[in-house]
Amino acid sequence: MSKKENTKYLIAESIMNLMLTKSIDHITILEIARNCGVSKQTFYNHFTDKYALVDWIYKTEAVNYITLVGEGCTWYDAVISKLNIIKRNPSFYKKVYRQEWFLNSFFNITKQLYIDVIKKKMSGEITPHMQFLVEFYCYACVKETSCWVLSGFQKTPEELVESFLACIPDEMKEYLI
């Protein structure tokens with residue numbers, strides 16, 4: 001891992017530790033930087049703000065599995081991996097899932113990943129109808145994942161994924177499953 005990547009992970013660990021006792025709204029960039037022994041400027045060399053940092057954590061930890069769909073990883077396995085990562089860090093994810101900005105960001109990140117996977121398999125642009133299906137499906141998954149996290153993980157990741165699987169529009173199945 002490069003020094004730049006290592007610093008990003010160090011900063012990410014810092015905010016996650018701070019969020020054990022505080023909400024993100026009450027954490028400053030200076031606190032994040034001091035907590036991991038870097039300067040405020042070093043933080044800004046890597047992230048535009050603390051929200052971009054949380055987005056990066058989510059993309060790095062939980063979402064990158066989706067990009068592996070079709071390349072030695074099934075959609076089912078990718079989503080199970082994502083949910084298990086979320087479940088292993090309940091304090092952090094419960095706090096961010098309460099934030100409207102995160103839900104919007106999560107939706108946009110997830111939607112773009114699904115669009116990229118589908119485009120790659122279609123070898124071209126997706127139709128407006130497919131775009132609608134992806135957005136509709138991702139919105140539902142984001143909302144259900146949020147409910148799952150905030151209710152204390154009442155279902156197993158496998159049970160939640162089975163529900164997601166049952167709701168994939170037929171037109172999307174051939175590209176994801």
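Anything mentioned here points back to the structure above.
Source: prediction; values computed, not measured. (Residues numbered from 1 in each chain as written. Predicted model: local features only at pLDDT ≥ 70, side-chain atom pairs only at ≥ 80, totals over all residues. Heavy atoms only, no water.)

(A) Inspection of the packing of helix α6 (residues 90-97) against helix α8 (residues 128-150) at higher detail. Interaxial distance between α6 and α8 falls to 9 Å at its minimum, and their mutual angle equals 130°. Of the possible angle classes, the one that applies to α6 and α8 is oblique. For the pair α6 and α8, the sense of crossing is left-handed. Residues Y93, K94 and Y97 of α6 lie in contact with α8, whose contacting residues are T145, S146, V149 and L150. The residue makeup of the contact of α6 with α8, split by class, is four nonpolar, two polar and one charged. (Axes fitted to C-alpha atoms, helices over the stretch in contact; angles between N-to-C directions. Helix = DSSP H or I, 4+ residues; strand = E, 2+ residues; numbered from the N terminus. Parallel < 35°, antiparallel > 145°, perpendicular 65-115°, else oblique. Left-handed = near helix turned anticlockwise from the far one by under 90°. Contact = heavy atoms within 4.5 Å. Nonpolar A, V, L, I, M, F, W, Y, C, P; charged D, E, K, R; others polar.)

(B) Summary view of the packing of aromatic side chains. Taken as a whole, this structure holds 18 aromatic pairs when the rule is applied. With centroids separated by 5.5 Å and ring planes inclined at 90°, the aromatic side chains of F43 and Y44 adopt a geometry described as edge-to-face. Look at F43 and you get buried, because its relative accessible area is 0%. Joined through ring pairs, the aromatic side chains of Y51, Y58, F92, Y93, Y97, W101, F102 and F106 make up one cluster. (Phe/Tyr/Trp six-rings, centres within 6.5 Å; stacked < 30°, edge-to-face > 60°. Buried < 20%, exposed > 50% of the residue type's maximum accessible area, 1.4 Å probe, protein only.)

(C) Region of interest: the side chain of K50. Take K50: it is sitting in helix α4 (residues 50-63). This buried residue, K50, is left without a salt bridge; D25 holds the nearest opposite charge, at 5.3 Å. A distance of 2.6 Å separates a polar side-chain atom of K50 from the backbone oxygen of I27. Those residues in contact with K50 that sit more than four places away from it in its chain are I15, I24, D25, I27, I29, I32 and F43. (Lys, Arg positive; Asp, Glu negative; His and termini not counted. Salt bridge = Lys/Arg side-chain N within 4 Å of Asp/Glu carboxyl O. Polar contact = N/O pair within 3.5 Å; in protein donor to acceptor, adjacent residues only side chain to side chain.)

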